[in-house]
Amino acid sequence: MLGDFAFQELGRQEGRLCDMSRSIWENPEGPYREYHASRLCADFLEENGFAVEIGCCGIPTAVRAVYGKGSPVIGFLGEYDALPGQSQNDVDHKEPVEGQAFGHGCGHNLLAVSMAGSAVAAKKEMEKQGIGGTLVFYGCPAEEVLTGKGFMAREGAFSELDCALAWHPGRYTRASYSVCTGVHSVKYHFKGRTAHAACDPEKGRSALDAVELMNVGINYLREHVPMDVRMHYVTTNGGSAPNIVPDEATVWYYDRALNRETMKEVEKRMEKVARGAAMMTETELTIEELGGCYPTLPNHVLGDLVDDCMRSIPQDAWTEAEIEYAGRINATVPDIWKDSVRFSGAQDKNTHIYSGVMPIDTQDDYGSTDVGDVGHIVPTTFYKTACYNIAAPGHSWQVAACVGNSIGFKGMLYGARVTALAVLRLLTQPDIIHKAKVEFSASMEGRSYECMMPDYVKPPIE
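Residues numbered from 1 in each chain as written. Predicted model: local features only at pLDDT ≥ 70, side-chain atom pairs only at ≥ 80, totals over all residues. Heavy atoms only, no water.

- As recorded in an unreviewed UniProt entry, the protein chain goes by the name Amidohydrolase, listed as coming from Enterocloster bolteae 90A9.

See below:
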C-alpha cells in the first residue's frame, strides 16, 4: 500500500527525529540565528541522500535540500525559529529556563523536524517503488518575524515547485481552507525642532505631537476600513525628557487584512494620515518600509488531499501520563479549556489533548504567517496536528511545556506521516497537481506575486 515504506522509515528514524526536536527545543534560537537547528536538519537530510545547500538565498540559516529529478517538484516548508520571552521547562507550570531568552512557544522545534522526516520518508518510498519526481526541503528562518520566506522568495526560492506543503503543530488535527491575514510593517519617522518646553515652546515643532496626532487619526480611521483590517502600533521614540520639545519621534505600525489589495488601500490611507499629522505640526515625515508577508491563499484541492490522508492514517493513543500532564496545564487556563473542548466537538467534556480529525477549517485567522508568500507563488496548503494541550493559547509557555516531550513528539510524527502520504499521492496521481494549479490560477485572478520586502531591506544577519 502507498505509504508503507515511508511509514516504516519514520518508525526506524523515530528516535533520531525525537532527539533532534528535543535538541532544538533545548537550544532555542531567535530569528536569523537558527544555526544549531538549521545544521541539525541539514545534516540529517544530507546523511539520508539529499543534496544540501546551507546558507541559500544569502541567509546563513536558510537551507535548501533536494532529492530526485524531473517533475513533479514538491516542496516541504520547514521552520525552526523560537520566540522571545517563551523560555520554559517541560513542567506543568510556568517555569522559564534560567538565562534562556527564547523558547519554543510556537512548536517550531517540531515543525522543522517533522518536515525533514517526512521528506526522508517519502524519498525512501520513491526509491523502493521506483517513483519519479523531485523533493525540495526548504529550511526557512525567521517565520516569527514574518520575513524569512519573503527574503527567500526575493532571491527566487519556491518558484521551482509545483506545489508546497506546510505543516504546523496545533491544538487540533485538521486541514484548512482558512485565510490568515497578511501583514505590512512600516515606521513613520517625524523630524521637528527642539526647544525648551516651558521657556520658549513657540520655537519648537514637536515630532511627538505628530506621532500622537497620527495615532488619533488612525484610531478614527478604524471605523472606515473593511471588517478584516487590523492596525496596531507602538511608539518607539517619543523624546528624552518632558521639558524638551522632541525633535525626533517614531511610531511603528502593522496593518493586516485578508487580501493584499485591501492592505494596499489601507496603507495609502495610513500614509495620508501621517502626512496630515506632519502638516499640522510643521514637521518632516520619513517613511521606512520594513516589508511584510502576504495573506495565505488556501488551495481546496490540496486541503482535501491532506484531510483524506489524515483520515487514512491511525493516530497513536495518548497515554494516561500524557493526558494527566496536559490536564494540569489546562487547569491553568480553565475558561479557555472549556471553550476549546466545546469548539473541538469532543464528546468527552474532560478532553485534555485532542484525538481524531476535525472538519476542514473554514474560519479565517487574523494572525499571520509568511507561508502566504509561498502560497502566492505556487499552490500551497497549511495544516495542523495536535501537539499540545487543547487549551494552550498560541505563543505561550503552555505550548512550550508540551512540544519538548512525548506529547509534541507524537503529534510531530503523525504530522510527518500525513505529509509523506500526501506527497506520495501527489507524485503518483498527477491530476491532483493539475487540479491544484487550475484552482491556484483562478484564485490569483491574473495577478502575480510581488515580494513585499523592499530591495534596500536586508535580512538582519551578522
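### So, the overall build of the protein chain
Move 1: If you tally the helices and strands in the protein chain, you get 14 helices and 12 strands.
Move 2: By the compact-globule yardstick of 23 Å for 462 residues, the protein chain fits well, its C-alpha radius of gyration being 24 Å.
Move 3: Counting the 462 residues in the protein chain, one finds 57% classified as buried.
Move 4: If you take every contact in the protein chain between residues at least 6 apart in sequence, the share linking residues at least 24 apart comes to 82%.
Move 5: Total accessible area on the protein chain is roughly 19,000 Å²; 52% of this is exposed by carbon and sulfur atoms.
Move 6: In the protein chain, 42 positive and 62 negative side-chain charges are present, and the distance between their average locations comes to 2 Å. (Helix = DSSP H or I, 4+ residues; strand = E, 2+ residues; numbered from the N terminus. Rg over C-alpha atoms; globule rule 2.2 N^0.38 Å. Buried < 20%, exposed > 50% of the residue type's maximum accessible area, 1.4 Å probe, protein only. Contact = heavy atoms within 4.5 Å. Areas by Shrake-Rupley, 256 points an atom, 1.4 Å probe, with all protein chains shown as cover. Lys, Arg positive; Asp, Glu negative; His and termini not counted. Charge placed at Lys NZ, Arg CZ, Asp CG, Glu CD.)

### With respect to the sheet that holds strand β9 (residues 230-237)
Move 1: Spatially, four strands are ordered β9-β10-β8-β11 in an open sheet, and the strand pairing comes out antiparallel. With one partner strand each, in any of the chains shown, β9 and β11 (284-293) form the two edges of the open sheet. Taking the axes of each pair of neighbouring strands and ignoring which way they run, one obtains an average angle of 20° across the sheet.
Move 2: Pairing of strand β8 (residues 182-191) with strand β10 (residues 248-257) involves 10 bridges; the strand directions are antiparallel. In the sheet register, Phe190 faces β10, and the bridge partner there is Ala249.
Move 3: Together, β8, β9 and β10 form the strand contacts of helix α6 (residues 207-221), whose direction differs from that of β10 by roughly 20°. (Pairing = 2+ DSSP bridges. Axes fitted to C-alpha atoms, helices over the stretch in contact; angles between N-to-C directions.)

### Notes on the UniProt feature "domain: Peptidase M20 dimerisation" (unreviewed entry) in the protein chain
Move 1: Residues annotated in UniProt with the feature "domain: Peptidase M20 dimerisation" (unreviewed entry) correspond here to residues 182-275.
Move 2: The span residues 182-275 shows a helical share of 33% and a strand share of 30%, and its end C-alpha atoms are spaced 24 Å apart. (UniProt positions renumbered as here; feature names shortened; annotations may be inferred.)

### Quick look at the packing of aromatic side chains
Move 1: Scanning the model with the defined rule gives nine aromatic pairs in all.
Move 2: Ring geometry for Tyr32 against Phe151: centres 6.2 Å apart, planes inclined by 65°, an arrangement best described as edge-to-face. Of the two residues, Tyr32 sits in the loop between α2 (14-26) and α3 (35-47) while Phe151 sits in helix α5 (residues 148-154), which places them 119 residues apart along the sequence.
Move 3: Its relative accessible area of 4% is what places Phe151 among the buried residues.
Move 4: Consider the rings of Tyr172 and Tyr354, whose centres lie 5.9 Å apart with planes at 85°: the pair is edge-to-face. Note that Tyr172 is positioned in the loop between β7 (163-170) and β8 and Tyr354 in the loop between α10 (334-344) and α11 (371-375), a separation of 182 residues in sequence.
Move 5: Owing to a relative accessible area of 8%, Tyr172 belongs among the buried residues under this scheme. (Phe/Tyr/Trp six-rings, centres within 6.5 Å; stacked < 30°, edge-to-face > 60°.)

### Some points on the sheet that holds strand β6 (residues 133-140)
Move 1: If you walk across this open sheet you meet the six strands as β1-β2-β6-β3-β7-β12, and the pairing is mixed. Looking at strand neighbours, the two that pair on one side only are β1 (51-54) and β12 (380-386), the edges of this open sheet. Across the sheet, the axes of successive neighbouring strands diverge by a mean angle of 20°, strand direction being ignored.
Move 2: Two elements, strand β3 (residues 73-79) and β6, share seven bridges in a ladder whose sense is parallel. Each residue of the ladder has a partner; that of Leu77, found in β6, is Tyr138.
Move 3: On top of the sheet, helix α8 (residues 300-312) reaches β7 and β12; it is set at about 25° to β12, its chief contact.

### Brief notes about the domain arrangement of the protein chain
Move 1: Under the domain assignment used here, the protein chain contains domain 1 (2-178 + 295-442) and domain 2 (180-291).
Move 2: The C-alpha-based centres of domain 1 and domain 2 are spaced at 37 Å.
Move 3: With 10 residues of domain 1 in contact, the opposing surface of domain 2 contributes 12 residues.
Move 4: Together, the buried faces of domain 1 and domain 2 total about 1,000 Å²; carbon and sulfur atoms form 60% of this surface.
Move 5: For the interface between domain 1 and domain 2, the tally reads zero salt bridges.
Move 6: Applying the counting criterion to the domain 1 and domain 2 interface returns six residue pairs in polar contact (both at pLDDT 80 or more).
Move 7: Each residue belonging to the side of domain 1 that touches domain 2 can be placed in one class, and the counts come to three nonpolar, five polar and two charged. (Domains from an automatic or database assignment. Buried area = accessible area lost by both parts, 1.4 Å probe. Salt bridge = Lys/Arg side-chain N within 4 Å of Asp/Glu carboxyl O. Polar contact = N/O pair within 3.5 Å; in protein donor to acceptor, adjacent residues only side chain to side chain. Nonpolar A, V, L, I, M, F, W, Y, C, P; charged D, E, K, R; others polar.)

### Quick notes on the packing of α8 against helix α13 (residues 406-428)
Move 1: It is at 9 Å that the axes of α8 and α13 come closest, and there the two elements cross at 125°. By the angle class used here, α8 and α13 are oblique. Judged by the twist between their axes, the crossing of α8 over α13 is right-handed. Contacts between α8 and α13 involve Leu302, Leu305, Val306, Asp308, Cys309, Met310 and Ser312 on the former and, on the latter, Tyr414, Val418, Leu421, Ala422, Arg425 and Leu426.
Move 2: Residue composition of the contact of α8 with α13, by class: 10 nonpolar, one polar and two charged. (Parallel < 35°, antiparallel > 145°, perpendicular 65-115°, else oblique. Left-handed = near helix turned anticlockwise from the far one by under 90°.)

### Re the environment of Ala37
Move 1: Relative to the helices and strands, Ala37 resides in helix α3.
Move 2: Under the relative-accessibility criterion, Ala37 is labelled buried at 0%.
Move 3: What Ala37 contacts, discounting residues up to four positions off in sequence, is Ile24, Glu29 and Tyr80.

### With respect to the packing of α8 against helix α14 (residues 430-444)
In a packed pair of helices, the relevant descriptors are the angle between the two axes and the axis-to-axis distance.
Move 1: Taken N-terminus to C-terminus, the directions of α8 and α14 make an angle of 140°; their axes are 8 Å apart at the nearest point. Taken together, α8 and α14 sit at an angle that is classed as oblique. Of the residues in α14, those touching α8 at His300, Val301, Leu302 and Leu305 are Ile432, Lys435, Ala436 and Glu439.

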